[in-house]
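A look at the structure
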Amino acid sequence: MCGIVGYVGKQKAAPLIMEGLKRLEYRGYDSAGVAVFQDGRFELAKKIGRVANLEIEAARHKLTGHQGIGHTRWATHGGVTDANAHPHISSDGTIALIHNGVIENYAQMKKFLLTKGFTFKSETDTEVLCNLIAYHYAKEPKPTNGDSRFVESVRKTLGHAEGTYGIVIMALDAPGELVTARKGSPLILGLGDGESLVASDVSAIVSRTQNVVYLKDGEIAHLTANNFSITTLSSGTVEPVIDKVTWSIEDAEMGAHAHFMEKEIFEQPTALENAMRGRFSEDGSTAKFGGLNITAGEFRGVDRFMFCACGTALHACMVTEHLIERFARIPVECDYASEFRYRNTPLFRNSLFFVMSQSGETIDTLAAMREAKRKGYKVLAINNVVGSTIAREADGGIYQHVGPEVGVASTKAFTSQLLIGAMLALYLARMRDMSFSDGTQFVEALKQAPNLVRKALEQAPHIKAIAKRYAKSQDMLFLGRLSLFPIALEGALKLKEISYIHAEGYPAAEMKHGPIALISPECPSVFFAPNNEIFNKVVSSMQEIKARKGPIIAIVTEDAELPDGLADEVIRIPQCHEAVLPIVASIPVQLLSYYIAVERGCDVDKPRNLAKSVTVE
Ligand code: AGP
């Protein structure tokens with residue numbers, strides 16, 4: 001949550017920072033602000049609302065300096081006001097700071113600072129941290145270890161801070177210098193030609209440089225236009241590793257699409273191709289993964305898998321659970337990462353952990369992973385963002401390789417997680433009882449996934465017309481069984497997060513144990529009814545809804561025959577292997593949610609109260 005950009009170099013800082021903030025806006029969009037160092041002082045512009053509002057405000061401030069910091073906020077401490085927007089400047093005017101995270105002991109710090117004469121304009125924990133740095137900076141003698149006084153005062157302050165932070169700081173008497181530090185919130189340094197950048201996400205940097213350094217927890221970096229150095233919070237030295245970003249700025253642009261979500265929905269065939277490229281064995285009978293860092297023997301010894309994730313990624317875990325249990329016959333448990341951490345689940349000796357996370361920065365998932373590691377378990381990660389904290393802290397993992405996902409509502413990342421989950425099930429099944437020929441068929445089926453998704457996307461105009469008819473609904477049910485129950489949950493999540501329609505996902509037959517009370521002509525039900533062994537059972541559940549005058553939108557495979565007049569709307573998807581079915585069945589609900597949200601005039605890519613990656617507990 002919260003987007004962070006810092007710049008020092010030859011260019012005017014404010015336009016570059018605001019361009020970066022626009023690319024980060026999906027991380028939080030309650031307010032935005034920028035502070036530039038110019039003419040020996042900080043010039044500050046901040047405004048509630050989007051970066052577009054900030055641009056208007058910034059124009060009044062004539063921001064000409066070549067060094068600055070900017071922020072988009074997702075509010076935690078303090079309401080959405082101009083005063084609470086970042087950057088914050090210390091009351092003595094010496095320090096400017098932006099912050100992503102939560103300082104838990106800010107109240108004690110504030111009490112102390114009030115006794116020292118500092119004053120506060122906002123209700124934020126960030127302003128407290130800013131003033132504490134100013135306090136230490138004023139007292140700090142020139143260090144003898146070669147570090148700057150600026151770095152030392154930040155180090156000293158952070159020694160007192162409890163909680164999480166990604167911060168970037170400017171000091172009034174250190175022109176041309178930025179100091180940045182992290183604990184629990186991502187930060188990436190960008191090393192350009194005569195300029196240095198820092199941001200919470202590569203997308204804010206990649207238009208200036210592809211040379212980046214991923215800062216680790218507990219590290220402090222000192223940046224000038226032409227140089228940088230990294231030390232640890234405990235004054236240790238760090239040998240930085242410079243990475244190259246493998247995608248370009250065009251990958252993070254919308255092109256001809258109306259929204260990122262639309263772009264990312266239609267990108268799914270290519271995304272799936274990328275996610276499976278090079279990941280099948282030469283004999284074409286199983287999957288292979290390069291970075292698991294675990295031997296086949298170790299895998300064979302696992303008698304239980306535990307998957308932890310949040311939101312959409314948890315739904316992908318639930319489908320994976322179904323497929324691993326069905327094909328590899330190994331028990332799997334899925335848990336909300338946020339619950340796992342505090343639930344103290346009894347664990348089996350030979351359990352193996354997986355976490356799934358598009359961003360690789362979700363704090364609940366990261367905390368669950370750390371808890372499992374603390375208990376001595378290996379943790380593998382399925383993750384999209386290369387170099388993310390989860391990717392770096394995991395013992396091994398599988399990258400999704402679908403490029404940047406910008407829309408807050410996850411689409412291509414989700415279906416690629418489903419694909420990787422299916423490949424994992426195949427890999428495990430082939431180690432156990434699955435035959436060579438069944439494995440070969442499975443592989444062939446997975447290779448069909450991109451084309452089947454292409455076919456499902458052809459239904460877009462039909463689904464758009466359906467969306468228009470149901471856009472005024474207040475409630476909606478999503479009902480599916482077996483591997484499509486998690487897709488029902490995902491359909492409901494997608495609809496509520498971008499259209500604000502109340503929606504619930506249920507196992508289709510479970511609906512009669514409560515949710516059926518919601519049914520009325522105003523509450524449509526979206527049913528998944530593939531032609532499989534329980535098709536008739538799902539049809540019976542539809543009849544129960546129909547008998548109570550509930551409208552039915554049925555998502556059925558091409559070969560399924562519904563009784564005449566049962567469904568009000570029918571969306572056909574191609575027949576496919578059961579490992580591919582959840583992927584293909586996701587497409588109509590993504591499109592339905594998208595078109596309903598557009599019809600309702602919602603801000604699809606930036607739904608209210610949400611942020612793309614949730615880095616606070
Ligand atoms: C998906 O549409 C949501 N925006 C949300 O549930 C998301 O999947 C969740 O926050 C987990 O994010 P992650 O995959 O980056 O960990």
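The structure we're discussing is the one just above.
Residues numbered from 1 in each chain as written. Predicted model: local features only at pLDDT ≥ 70, side-chain atom pairs only at ≥ 80, totals over all residues. Heavy atoms only, no water.

1. Let's talk about unusual backbone geometry
That bond from H86 to P87 is cis: its omega, 0 degrees, falls within 30 degrees of zero. Tracing the sequence through the fold places P87 in the loop between β4 (67–73) and β5 (88–89). Even without glycine at this site, H401 takes up a positive phi of about 60 degrees. Take H401: it is sitting in the loop between β19 (396–399) and α13 (412–431). (Helix = DSSP H or I, 4+ residues; strand = E, 2+ residues; numbered from the N terminus.)

2. Concerning the site of the ligand
In the neighbourhood of the ligand, 14 residues make up the surrounding shell, with S357, Q358, S359, T362 and E497 lying closest. Contacts to the ligand include S357, whose side-chain N or O atom sits 2.6 Å from an oxygen atom. Q358 is positioned such that a nitrogen or oxygen atom in its backbone is 2.7 Å from an oxygen atom of the ligand. Looking at the shell around the ligand, the elements with two or more residues in it are α9 (311–328) and α16 (485–499). Partitioned by chemical class, the residues of the shell around the ligand number five nonpolar, seven polar and two charged. Looking at the shell around the ligand, you find at least three residues from each of domain 2 (254–447) and domain 3 (453–604). (Near = heavy atom within 4 Å. Polar contact = N/O pair within 3.5 Å; in protein donor to acceptor, adjacent residues only side chain to side chain. Nonpolar A, V, L, I, M, F, W, Y, C, P; charged D, E, K, R; others polar. Domains from an automatic or database assignment.)

3. Some remarks on the environment of T231
For T231, the location among the structural elements is in strand β13 (residues 228–232). On the basis of relative accessibility, which here comes to 12%, the residue T231 falls in the buried class. There is a polar contact of 3.4 Å between the side chain of T231 and the side chain of R155. (Buried < 20%, exposed > 50% of the residue type's maximum accessible area, 1.4 Å probe, protein only.)

4. What to know about the sheet that holds strand β22 (residues 525–529)
Here five strands make up an open sheet; going across it, the order is β21-β20-β22-β23-β24 and the pairing parallel. A single partner strand is all that each edge strand has here, and the edge strands are β21 (502–507) and β24 (569–573). Strand-to-strand, the axes of this sheet are offset by a mean angle of 15 degrees, without reference to chain direction. Two elements, strand β23 (residues 552–557) and β24, share five bridges in a ladder whose sense is parallel. Each residue of the ladder has a partner; that of I555, found in β24, is I571. Against the sheet, helix α15 (residues 460–470) engages β20 (475–480), β23 and β24, with an angle of about 150 degrees to β24. Packed on one face of the sheet, helix α18 (residues 581–599) meets β20, β22, β23 and β24 and runs near 135 degrees to β24. (Pairing = 2+ DSSP bridges. Axes fitted to C-alpha atoms, helices over the stretch in contact; angles between N-to-C directions. Contact = heavy atoms within 4.5 Å.)

5. Remarks on the sheet that holds strand β11 (residues 211–214)
Strand order in the open sheet formed by eight strands is β3-β2-β4-β1-β10-β9-β11-β14, and the pairing between neighbours is antiparallel. On the outer flanks of this sheet lie β3 (41–48) and β14 (243–244), each paired with one strand and no other. Relative to strand β10 (residues 196–199), strand β1 (residues 3–8) is paired through four bridges, and the arrangement is antiparallel. Within β10, the position partnered with G6 by the bridge is V198. The strands touched by helix α2 (residues 51–59) within the sheet are β2 (31–38), β3 and β4, with β3 carrying the most contacts at an inclination of about 140 degrees.

6. A closer look at the nonpolar core
With 96 residues, the main nonpolar core has F299, F305, F307, I324 and L446 as its most contacted residues. Among the elements that make up this core, the one with the highest residue count is α13 (13 residues). Both domains that meet at this core, namely domain 2 (254–447) and domain 3 (453–604), each give it at least three residues. For F305, the residues in contact, after removing those within four places along its chain, are F299, I324, I330, P331, V332, E333, L352, F354 and L428. (Core = buried A, V, L, I, M, F, W, Y, C linked by side-chain atoms within 4.5 Å.)

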